[in-house]
Amino acid sequence: VAARFGAGPLAGRKVLLTAGPTREFLDPVRFISNPSTGKMGLALAQAARSLGAEVTVVLGPVGAVVRDGLTVVDVVSADDMAREVLARVESVDAFIATAAVSDWRPETRAPQKVKKGSSPGQESLRLVRTPDVLAEASRKVAGNAKRPVLVGFAAETEKVLEHAREKLERKGLDAIVANDVTAPGAGFGTDTNRVTVLTRTGVQRELNGSKNEVARAILELLLVRRP
Ligand code: CTP
Ligand code: CA
């Protein structure tokens, strides 16, 4: 009931998130993607909502999920996600990028289904980089008088903290949530997570539990207490 009336420590604050994977089509029936289910991002969205925030999620294709109380903008590709985020990021108090954005897309998209008979059997695909949604959002708000708190996620399989710290700096973030996706009970599709939050100011905090518990703890740390 409290959440419905916008009460709570984040009442009156606007939070924008990205969540889920993106799909980069090479023809009308085939795409490049990844196993993200959007669970961590949607857990953060619901937690922000229950703390009183007004929440918008720019969401890649994840199938049926609970959207109650959230404004959801459905997108497919990294280009779509970048466009929708850049249109909104200057008017929010926090931007949290949890999406597993495809880093590459096919250079061209065939207008019709590519027939397997059209090639000798050994195909190669030319890929080009997609926009970095978080880095572009960070660049867009840099220097604004009212700049949102910028939070990234880092999905890593090795040298987790080192790579996460590098991303925090390279993308101009306030904090990054480092995620060892190979650790037991962490990563794609699980209901639990084990993460380390690093802030620009040097705070390092380990959190683990259900994705809902971890979501709540991340928001308490970064948006309510603000180290
Ligand atoms: N991100 C993004 N747009 C991209 C790639 C990443 O917004 N095209 C965001 C993710 O949502 C995440 C953060 O940047 O918050 C880090 O994503 P990650 O894939 O871990 O890092 P990359 O910079 O893509 O580097 P790499 O995949 O090579 O480790
Ligand atoms: Ca990436």
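Residues numbered from 1 in each chain as written. Chains lettered and ligands numbered in written order. Predicted model: local features only at pLDDT ≥ 70, side-chain atom pairs only at ≥ 80, totals over all residues.

Focus on the site of ligand 1
For step 1, the next point in the chain: Within the structure, ligand 1 sits among 16 residues, and Ala97, Val101, Val133, Leu134 and Gly152 are positioned closest to it.
For step 2, the next point in the chain: Elements represented by at least two residues in the shell around ligand 1 include exactly α3 (133-141) and β9 (149-156).
For step 3, the next point in the chain: It is β9 that provides the largest number of residues to the shell around ligand 1, a total of four residues.
For step 4, the next point in the chain: A per-class count over the shell around ligand 1 returns nine nonpolar, four polar and three charged. (Near = placed C-beta within 6 Å. Helix = DSSP H or I, 4+ residues; strand = E, 2+ residues; numbered from the N terminus. Nonpolar A, V, L, I, M, F, W, Y, C, P; charged D, E, K, R; others polar.)

Some remarks on the sheet that holds β9
For step 1, the next point in the chain: As summarised here, the arrangement of the eight strands in space is β5-β4-β1-β6-β9-β10-β11-β12, forming an open sheet in which the pairing is mixed. A single partner strand is all that each edge strand has here, and the edge strands are β5 (71-74) and β12 (204-210). Each strand of the sheet is rotated relative to its neighbour by a mean of 20 degrees, with strand direction disregarded.
For step 2, the next point in the chain: Bridge count for strand β1 (residues 14-19) against strand β6 (residues 94-97) is four bridges, and the pairing is parallel. Paired with valine 15 across the bridge in β6 is alanine 94.
For step 3, the next point in the chain: Packing against the sheet, helix α4 (residues 160-170) makes contact with β9, β10 (175-180) and β11 (192-199), and its axis sits at approximately 145 degrees to β9. (Pairing = 2+ DSSP bridges. Axes fitted to C-alpha atoms, helices over the stretch in contact; angles between N-to-C directions. Contact = placed C-beta atoms within 7 Å.)

Considering the UniProt feature "binding site: CTP" (unreviewed entry) in the protein chain
For step 1, the next point in the chain: Following the UniProt record, the feature "binding site: CTP" (unreviewed entry) maps to Asp103, Lys113, Pro131, Asp132, Val133, Leu134, Phe153, Lys167 and Lys171 here. These annotated residues cover 69 residues of sequence, and their C-alpha atoms sit far apart, with the largest distance between any two at 37.5 Å.
For step 2, the next point in the chain: In this structure, leucine 134 sits in helix α3.
For step 3, the next point in the chain: For leucine 134, a count of 27 C-beta atoms within 10 Å corresponds to the buried category.
For step 4, the next point in the chain: If we skip the residues at most four places from it in the chain, leucine 134 touches Ala97, Gly152 and Lys171.
For step 5, the next point in the chain: Residue placement: lysine 167 occurs in helix α4.
For step 6, the next point in the chain: For lysine 167, a count of 18 C-beta atoms within 10 Å translates into the label partly exposed.
For step 7, the next point in the chain: Other than its neighbours up to four places away in sequence, lysine 167 contacts Gly152, Ala154 and Ile176. (UniProt positions renumbered as here; feature names shortened; annotations may be inferred. Buried ≥ 20, exposed ≤ 12 C-beta atoms within 10 Å, placed from the backbone.)

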